[in-house]
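Structural description and commentary
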Amino acid sequence: MIDGKTKLICLIGQDVTKSLSPNIHNYIYDKYNLNYSYMNFSLEEKDLESFVNSVKVLDIKGFNVTIPYKEKIIEFLDEIDESAKDIKAVNTVKNIDGKLIGYNTDGAGYVLSLETNKVNIEHKNILIIGAGGAARGILYEICKYKPNSIHIKNRTQSKSEILIDEVRNIYKKIDFGNFDENIDYDLIINTTSIGMKDETKTPFELDKIKNSVISDIVYIPRETKFLKDGKSKNFKTIEGIEMLICQGIIADQIWLDTEFDTKSLLDEIKNMIFEK
Ligand code: ATR
């Protein structure tokens, strides 16, 4: 229950009215009796600076940042954590006594969703569909888990090549490249929005794929055509909602300096969201 001591945590973005983040975070605060409340604020870019000042004045403990401000917010922060440096995008900000520190929990959230599904990527061949901001966050994080190869398939190949050139210089043992139809990929990740607006569309046809884990970051619908196709071939699938929930759990761990039992929390939050 909100009382005189309740602290606020929030989400900012251009239009956050449909975001599930309040459901996720307030569930966690209720479950663990934490005196916090999470709210969404849709903002215009010109108001970012005054928002950041309000965070300090009101002692808002932290906030999430979503489209289209994940890059723009950086200039208003005091420090950037390693997790956000390479990606050059921040989705989580912690307020420590008026000092604002930026993190990125998207990639770690994605890896946590793999772990909770018992998918190990060490020595595995991975295909990423898309080369935008979401692909970037996931790519930088999965590189840390020693996959054998990471290939990218993107509509605009020049964009995937820029991304590949960047990481190739950092992770010299991983084979980076463009999609190669002769490789058996162990994990295929959709990072594009294909399948969201038009539920009949898939970002990648699975006809020629023998066996792979199929993972989508789109979470509306819960089961995209890409995931349905994977299921119909009896492949393991990972729903986009899992990454969303996991990046939220990691953000709460940062704000509240605590650790949660992520697997059971993920299952409970998933049930809560889809029971509605
Ligand atoms: P985000 O930051 O959410 O990842 P983004 O930066 O706009 O969003 O990136 C979206 C990615 O999905 C891009 O790789 C984009 O391909 P392009 O680089 O060619 O623009 C890809 N994408 C989005 N819609 C697509 C579509 N209808 N067909 C193919 N690729 C699409």
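The structure we're discussing is the one just above.
Residues numbered from 1 in each chain as written. Predicted model: local features only at pLDDT ≥ 70, side-chain atom pairs only at ≥ 80, totals over all residues. Heavy atoms only, no water.

Digging into the packing of aromatic side chains
For the record, the criterion: Between rings of Phe, Tyr and Trp, where Trp is taken as its six-membered ring, a pair exists when centres lie within 6.5 Å; planes separated by under 30 degrees are stacked, by over 60 edge-to-face, and by other angles tilted. The helix and strand labels rest on DSSP assignments: H or I over at least four residues marks a helix, E over at least two residues marks a strand, and numbering proceeds from the N terminus. Note on classification: 1.4 Å probe, protein chains only; a residue is buried when its accessible area is under 20% of the maximum for its type, exposed when over 50%, partly exposed between these limits.
As enumerated under the stated definition, the model contains six aromatic pairs in all. Judged by centre distance (6.3 Å) and plane angle (45°), the rings of Y38 and W255 are tilted. Highlighted residues: Y38 in strand β2 (residues 36–42) and W255 in helix α8 (residues 240–256), separated in sequence by 217 residues. What makes W255 buried here is its relative accessible area of 5%. Each ring, one from F51 and one from F63, has its centre 4.9 Å from the other, and the planes form 90°; the classification is edge-to-face. A residue pair is termed long-range when its members are at least 10 positions apart, and F51 in helix α2 (residues 48–58) and F63 in strand β3 (residues 62–65) qualify at twelve residues. F63 matches F51 in its accessibility class, with the two residues each being buried. Three or more aromatic residues joined by ring pairs make a cluster, and in this case those are F179, Y185 and F204.

Thoughts on the nonpolar core
Cut-off, in case you're wondering: Grouping buried Ala, Val, Leu, Ile, Met, Phe, Trp, Tyr and Cys residues that are joined through side-chain atoms within 4.5 Å yields what is termed a nonpolar core. Contacts were defined at the residue level, with two residues in contact if any of their heavy atoms lie within 4.5 Å.
Among the nonpolar cores identified, the biggest contains 29 residues, and I128, L139, I142 and I150 are the most heavily contacted of them. Looking at this core, the elements with two or more residues in it are α4 (106–116), β7 (125–129), α5 (133–142), β8 (149–153), α6 (157–168) and β10 (187–190). If one sorts the elements of this core by residue count, α5 sits on top with five residues. Those residues within four positions of I128 in sequence are excluded, and the remaining contacts are A135, L139, I142, I150, H151, I152, K153, I189 and T191. Listed in part, the 27 residues of the second largest apolar core include I241, I245, I249 and A251.

So, the sheet that holds β7
Our working rule: Note: two strands are recorded as paired if DSSP finds a minimum of 2 bridges between them. For helices, the fitted axis covers only the stretch in contact; all axes are lines through C-alpha atoms, and the angles between them, taken along N-to-C directions, range from 0 to 180 degrees.
Ordered in space as β9-β8-β7-β10-β11-β12, the six strands form an open sheet in which the pairing is parallel. Every interior strand has two partners, whereas the edge strands, β9 (175–178) and β12 (237–238), have only one. In terms of strand pairing, β8 meets β9 through four bridges, oriented parallel. Of the residues in β9, the one forming a bridge with S149 is D175. Strands β10, β11 (213–216) and β12 of the sheet are contacted by α4, whose axis makes an angle of about 135° with β10.

Quick word on unusual backbone geometry
Backbone phi values are negative for most residues with the exception of glycine, while trans is the configuration of most peptide bonds. Omega for the bond connecting I67 with P68 falls within 30 degrees of zero, at 5°, which places this linkage in the cis form. Note that P68 resides in the loop between β3 and β4 (79–80). Residue P221 follows I220 across a cis peptide bond; omega there is 5°. Assignment of secondary structure puts P221 in the loop between β11 and α7 (225–232).

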